[in-house]
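Working through the structure, step by step
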Amino acid sequence: MSKLFRIAIDGPGASGKSTTAKLVATKLGFGYIDSGAMFRAITLKCQQQNLDLQDQEKVKQAAQAAKISFPSLSQVELDGKDVSNLIRNSNITRNISHIASNTSVREILANQQRAMARGDIPGAKSTGFEHNGKLIKGVVMDGRDIGTVILPDAELKVFIEADVKIRAKRRFDELKDKGSLGDDTLQDVEKDLEARDLADRTRKIAPLSKAKDAIVLDTSHLTIEQQVQKIQDMVYQRL
C-alpha cells in the first residue's frame with residue numbers, strides 16, 4: 001500500500017492533541033508531524049535574531065531559511081539544534097500569533113507539511129501495521145487547521161476540545177515539569193490560552209475551526225490512554 005493513511009488532528013492549545021497524536025503515531029507505527037512546533041520554531045528563530053515579529057518580510061526570510069526536522073516523536077530540531085523545550089515556554093506562546101498570522105510563513109510551512117504527509121521529504125517515516133493482510137502506513141499531523149487547510153482530504157479528521165480551565169492546568173503542569181514556567185501563575189497560563197484561542201479563531205488566515213467531516217472528541221474528562229484508544233478505533237472503523 002503506497003498511499004499513506006493521513007490522520008488530521010485539530011484543536012485549541014493544551015487540549016491534549018499533541019500528546020495524543022504522538023501516542024497514536026507510536027501505536028500505529030505512523031509518522032508524526034507537529035505543525036504547531038514548526039510555527040513555534042519560527043517564532044524562536046525570529047526572537048533569537050531580535051526581529052520585529054510584525055515585520056512580515058523579515059519573518060518570511062527567516063522562515064525560508066529555517067531547517068526544521070523531527071528526529072523522534074519527542075524532539076524538534078531547528079537548524080540542527082534541539083529546541084524541543086525552548087519552543088514550549090510562555091514567551092513563545094505569547095508571541096506565536098504574529099507568526100501564525102503571517103501569510104507567507106503559513107504558505108512556506110504548509111508546503112513542507114503536505115510534502116511530509118506525502119512522504120516526499122523526511123519527517124514522517126512510517127513502519128505501519130498489518131490489517132486484513134495489508135500493510136497500512138500513515139502519518140499523524142496535529143495543529144489548528146490541518147483538517148480544513150493542510151490536509152482537507154485526510155482519511156480521518158479529529159477535532160479535540162476541552163474546557164479552558166482543564167487545559168490551563170495541563171499546560172501549567174507541563175511547563176512546571178519542564179522548568180519553563182518562570183514566574184507565571186495558573187491564572188497567567190489560563191489568560192494566555194484564552195488570548196491564544198481568540199487570536200486563533202478570529203485570524204483572517206486559516207482560523208481554528210472544525211472541518212465539517214471531523215469527529216469531535218472532548219478530552220476534558222478522558223485520560224490520554226482513552227483518547228488514544230478512541231482515535232485508534234476510528235482508524236479501524238475507516239479501514
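Residues numbered from 1 in each chain as written. Predicted model: local features only at pLDDT ≥ 70, side-chain atom pairs only at ≥ 80, totals over all residues. Heavy atoms only, no water.

Some points on the sheet that holds strand 3 (residues 68-69)
Sheet strands pair via backbone hydrogen bonds, and the direction of the pair is either parallel or antiparallel. To be explicit about the condition: DSSP bridges decide pairing: two strands pair if at least two such bridges lie between them. Secondary structure counts use DSSP, requiring at least four H or I residues in a row for a helix and at least two E residues in a row for a strand, with both numbered from the N terminus.
One open sheet accounts for three strands, arranged 3-4-5; its pairing is antiparallel. Unpaired on one side and paired on the other, strand 3 and strand 5 (81-82) mark the two borders of the sheet. When strand 4 (residues 77-78) meets strand 5, the two strands line up antiparallel, connected through two bridges. The partner of L78 across the bridge, within strand 5, is K81.

Points about the packing of helix 1 (residues 17-28) against helix 9 (residues 224-238)
Selection rule: A fitted line through C-alpha atoms represents every axis, and for helices the fit uses only the stretch in contact; the resulting angles, taken between N-to-C directions, go from 0 to 180 degrees. Angle categories: roughly parallel below 35 degrees, roughly antiparallel above 145, roughly perpendicular from 65 to 115, and oblique for all the rest. For a crossing to be left-handed, the near helix must be turned anticlockwise from the far one by less than a right angle; the clockwise case is right-handed. In what follows, residue pairs with any heavy atoms lying within 4.5 Å of each other are defined as contacts. Note that Gly is not counted as nonpolar here; it falls among the polar residues with everything else outside the nonpolar set of Ala, Val, Leu, Ile, Met, Phe, Trp, Tyr, Cys and Pro and the charged set of Asp, Glu, Lys and Arg.
Axis separation between helix 1 and helix 9 bottoms out at 9 Å; the angle between their running directions is 55°. Relative to helix 9, the element helix 1 lies oblique. For the crossing formed where helix 1 meets helix 9, the hand is right-handed. Contact with helix 1, carried on its side by T19, T20, L23, V24, K27 and L28, involves I224, Q227, V228, I231, Q232, V235 and Y236 of helix 9 and no other residues of that element. Broken down by class, the residue content of the contact of helix 1 with helix 9 amounts to eight nonpolar, four polar and one charged.

Some details on the UniProt feature "domain: Cytidylate kinase" (unreviewed entry) in the chain
Here is the rule: UniProt positions are given in the numbering used here, feature names are shortened, and annotations may be inferred rather than shown by experiment.
The positions UniProt marks with the feature "domain: Cytidylate kinase" (unreviewed entry) are residues 7-118 and 137-235. Spanning residues 137-235, this segment combines 49% helix with 16% strand, and its end C-alpha atoms are found 12 Å apart.

Some details on the side chain of D197
Here is the rule: The term polar contact refers here to a pair of N or O atoms within 3.5 Å; inside protein, the definition further demands a hydrogen-donor-capable atom paired with an acceptor-capable atom, and it admits residues adjacent in sequence only when both atoms are side-chain atoms.
Within the fold, D197 resides in helix 8 (residues 186-202). Here the side chain of D197 touches R167 through a polar contact of 2.5 Å, side chain to side chain. Among residues more than four places away in sequence, those in contact with D197 are P12, G13, V164 and R167.

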